[in-house]
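# Structure at a glance
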Amino acid sequence: RSGRLEIITRDDKTTIVPFRSVVTKTATNWSIAYTARPGGDACESLVIEHITGRPNRYARSNCATGNGADSNAVKSVELLGADLVRPFGRSDFWICDLGLEFLDWPRQRVLSHEIRNSRSCWVLESSTSAPVPGGYARVISWVDVEQVGIIRAEAYETGNTNKPIKEFLVSSLRKVSGQREVESMKMRNLRSGQETELKFDPPKN
């Protein structure tokens, strides 16, 4: 899927970053490749591999040539720890956000059931006793009961568990073959006042 990242600063300056994602499935796992082009010849590629029963694997590259997630790439590096709390494509989406890393934390508990955006949701608390420096210690997410997808989340840092530092929300959905598919989603950085909206292009007929 292709689209764009719209990065809006506190003083309403907007930067557009072309974006693309490609999902690959195998018998034992699935992966998603993201590519962003922040400007000029700059190109950043990220591959997240999801393996059942094992931690996610992250690899980042600087694209050399080509167009999209299948670009030639150089300097492929596996990412661990603090590398996961870096922005992707200069946006407010951290690498761990794109991998939904908090869902793999050992502590998961359902707090309540709520109606959010006219959708029936479980309110899930994810927490860790060993947060990455500069990252999240706790995440509250609203999980759509029917679609089993997150429509909103609030992330909290270590030592300040009552005030979120980032806020994620699905801002638009569309129906594709009877299923709801994300059309756009936002990540708000509550510390900097900046936000990024990821907007997917409509499907081609």
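In what follows, the accompanying structure is described. (Residues numbered from 1 in each chain as written. Predicted model: local features only at pLDDT ≥ 70, side-chain atom pairs only at ≥ 80, totals over all residues. Heavy atoms only, no water.)

## Some words on the overall build of the chain
Keep this limit in mind: Put simply, DSSP marks the helices as runs of H or I at least four residues long and the strands as runs of E at least two long, and each gets a number from the N terminus on. Under the scheme applied here, a residue whose accessible area is under 20% of the maximum for its type counts as buried, over 50% as exposed, and between as partly exposed, the area being computed with a 1.4 Å probe on protein chains only. Any two residues whose heavy atoms approach within 4.5 Å are treated as being in contact.
Scanning the chain from N- to C-terminus turns up one helix and 13 strands. Its helices and strands in sequence order give the chain the pattern β-β-β-β-β-β-α-β-β-β-β-β-β-β, from N to C terminus. Taking all 205 residues of the chain together, 43% fall into the buried category. When contacts within the chain are restricted to residue pairs at least 6 apart in sequence, long-range pairs at least 24 apart make up 35% of them.

## Observations concerning the pairing of strand E2 (residues 14-25)
Worth spelling out the cut-off: Strand pairing is assigned whenever DSSP detects at least two bridges linking the two strands.
The sheet contact formed by strand E1 (residues 2-8) and E2 spans seven bridges and is antiparallel. Looking at the pairing, Ser 2 lines up with Arg 20 of E2. Here E1 hands over to E2 after five residues, with Asp 12 in that stretch at a positive phi of 70°. Sheet analysis places E2 next to strand E3 (residues 29-39), joined by seven bridges and oriented antiparallel. Considered in E3, the bridge of Phe 19 is made with Ala 36. Counting the residues between successive antiparallel strands, the hairpin from E2 to E3 contains three residues.

## Here we look at the packing of aromatic side chains
Filter applied, for reference: Stacked, tilted and edge-to-face are the three classes applied to pairs of Phe, Tyr and Trp rings, where Trp contributes its six-membered ring and a pair requires centres within 6.5 Å; stacked means planes under 30 degrees apart, edge-to-face means over 60, and tilted covers the rest. Either the NZ atom of lysine or the CZ atom of arginine qualifies as a charge over a ring when it sits within 6 Å of the ring centre and within 35 degrees of the ring normal.
Applying the stated rule across the entire model yields five aromatic pairs. Ring centres of Trp 94 and Tyr 136 lie 5.0 Å apart, and the angle between their planes is 15°; on these two criteria the pair is classed as stacked. A residue pair is termed long-range when its members are at least 10 positions apart, and Trp 94 in the loop between strand E6 (72-79) and helix H1 (95-98) and Tyr 136 in strand E9 (residues 136-144) qualify at 42 residues. The class for Trp 94 is buried, based on a relative accessible area of 8%. Between Phe 102 and Trp 105, the ring centres sit 6.5 Å apart and the planes meet at 70°, which makes this aromatic pair edge-to-face. For Trp 105, a relative accessible area of 16% corresponds to the buried category. Clustering of aromatic rings is evident, with ring pairs tying together Phe 19, Tyr 34, Phe 88 and Phe 200. Here the basic side chain of Arg 1 rests over the ring of Phe 200, its NZ or CZ set 3.9 Å away from the ring centre.

## Topic: the nonpolar core
Which entries qualify depends on this criterion: The criterion is simple. A nonpolar core is a set of buried Ala, Val, Leu, Ile, Met, Phe, Trp, Tyr and Cys residues joined through side-chain atoms within 4.5 Å.
Counting 35 residues, the largest nonpolar core has Tyr 34, Leu 46, Phe 88, Phe 93, Tyr 136 and Phe 168 as its most contacted members. Residues within four places of Tyr 136 in sequence aside, it is in contact with Trp 94, Cys 96, Asp 97, Trp 105, Thr 128, Pro 131, Ala 155, Tyr 156, Glu 157, Ile 165 and Lys 166. Residues Cys 121, Val 123, Ile 140 and Trp 142 belong to the second largest nonpolar core, which totals six residues.

## Digging into the side chain of Ser 91
Within the element layout of this structure, Ser 91 appears in the loop between E6 and H1. For Ser 91, the contacting residues outside a window of four places in its chain are Leu 5, Ile 7 and Thr 196.

## Digging into the pattern of salt bridges
To be explicit about the condition: Every case where a carboxyl oxygen of Asp or Glu lies within 4 Å of a side-chain nitrogen of Lys or Arg is listed as a salt bridge.
Counting across every chain of the model gives 16 salt bridges. In this structure, the salt-bridge partner of Glu 167 is Arg 152, at a minimum N-O distance of 2.7 Å. Here Arg 152 lies in strand E10 (residues 150-157) and Glu 167 lies in strand E11 (residues 166-176), a separation of 15 residues in the sequence. Overall, the relative accessible area of 12% leaves Glu 167 in the buried class. The salt bridge involving Arg 191 is made with Glu 157; its shortest N-O contact spans 3.1 Å. Of this pair, Arg 191 sits in the loop between strand E12 (179-189) and strand E13 (194-200) while Glu 157 is found in strand E10, placing the two residues 34 residues apart along the sequence. Overlapping salt bridges bring together Arg 152, Glu 154, Glu 167, Arg 188 and Glu 195 as one network.

## Notes on the environment of Asp 12
Looking at the secondary structure, you find Asp 12 in the loop between E1 and E2. Relative accessible area serves as the criterion here: at 62%, Asp 12 is assigned to the exposed category. For Asp 12 and Glu 195, which are 183 residues apart along the polypeptide, the C-alpha to C-alpha distance reads 9.8 Å.

By themselves, these figures tell us nothing about what the structure is for.
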